[in-house]
Amino acid sequence: MTIMPAFTIEIVGPDSRVFLCSANQTLLDGALQSGVAVPYGCGVGKCATCKVRVVDGQFWRLETPVNKRVKRHDIVFACCTWPLTDLVLAYSDLLRWK
Ligand code: FES
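Counting restarts for each chain, with residues numbered from 1 along the sequence as it is written. A pLDDT threshold of at least 70 governs which residues receive local features in this predicted model, and a stricter bar of 80 or more applies before side-chain atom pairs are shown or counted, although totals over entire chains, interfaces and linings include all residues.

*Asks:* Any chance you could explain the overall build of the chain here in plain terms?
*Replies:* Broken down by element type, the chain carries one helix and seven strands. Only DSSP runs of H or I reaching four residues or more are called helices, and only runs of E reaching two or more are called strands; each is numbered from the N terminus. Listing every helix and strand of the chain by position from the N terminus yields β-β-α-β-β-β-β-β. This radius of gyration counts C-alpha atoms alone. The globule rule is 2.2 Å times how many residues there are, raised to the power 0.38. Taking 2.2 N^0.38 as the reference for a compact globule, 98 residues should give roughly 13 Å; the C-alpha atoms of the chain span a radius of gyration of 12 Å, in line with that estimate. Along the first, second and third principal axes, the C-alpha atoms of the chain reach 40 × 30 × 20 Å. Three exposure classes are used, based on other C-beta atoms lying within 10 Å of a residue's own C-beta, which is placed from the backbone: buried for 20 or more, exposed for 12 or fewer, and partly exposed in between. Taken over 98 residues, the chain has a buried fraction of 27%.

*Asks:* In this structure, what is going on with the environment of D29? I would like to understand it.
*Replies:* Among the structural elements, D29 can be located in helix 1 (residues 27-33). Judged by the 17 C-beta atoms lying within 10 Å of it, D29 is partly exposed. Remark: the alpha-carbon pair of D29 and P39, spanning ten residues in sequence, is separated by 12 Å.

*Asks:* Would you take a moment to explain the sheet that holds strand 1 (residues 6-12) for this structure?
*Replies:* Pairing between the strands of a sheet comes from backbone hydrogen bonds, and it takes one of two forms, parallel or antiparallel. With mixed pairing, the five strands of this open sheet are ordered in space as 2-1-7-3-5. At either margin of the open sheet sits one strand with a lone partner, and together these are strand 2 (17-22) and strand 5 (75-77). Neighbour-to-neighbour, the strand axes of the sheet open up by a mean angle of 40 degrees, direction not taken into account. Here, strands pair whenever DSSP counts at least two bridges between them. Looking at chain direction, strand 1 and strand 2 are connected through six bridges and run antiparallel. Between the N-to-C directions of two axes lies an angle of 0 to 180 degrees, each axis being a line fitted to C-alpha atoms and, for a helix, fitted only over the stretch in contact.

*Asks:* Whenever I open this one, unusual backbone geometry confuses me. Can you help?
*Replies:* Most peptide bonds adopt trans geometry, and most residues besides glycine take a negative phi value. For A48, which is not a glycine, the phi torsion comes out positive at approximately 70 degrees. Tracing the backbone through its elements, the reader meets A48 in the loop between helix 1 and strand 3 (51-56). When the 17 C-beta atoms within 10 Å are taken as the criterion, A48 is described as partly exposed.

*Asks:* For this particular structure, what's the right way to read the environment of V36?
*Replies:* Inspection of the secondary structure puts V36 in the loop between helix 1 and strand 3. V36 sits in the partly exposed class, given 17 other C-beta atoms within 10 Å. A C-alpha to C-alpha distance of 22 Å links V36 and K46, two positions ten residues apart in sequence. Contacts here follow a simple rule: the backbone-placed C-beta atoms of the two residues must lie within 7 Å. Residues within four places of V36 in sequence aside, it is in contact with R17, F19 and A31.

Okay, here's the thing in structure tokens:
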């Protein structure tokens, strides 16, 4: 059995939270498994509801036809993004970064 490392994911802003997410979990799955409420819809990279800004840290993201259109590399879809390090995320300032 391979044990995957778990990274600490911090959400900053008015609803700051911290949860653990393993390297083989998407950020969305890690949040939901930890009981952290985050916005999401389709879960497969089509609706953009789970969009979040990565303030700090390294990640890998699966490119989908929809998220490929997002110009900023630090704006990711939580359902299509896996942590490579501890991460800091921000939902509260997304409107500034459209
Ligand atoms: S939940 Fe729809 S794109 Fe992530």
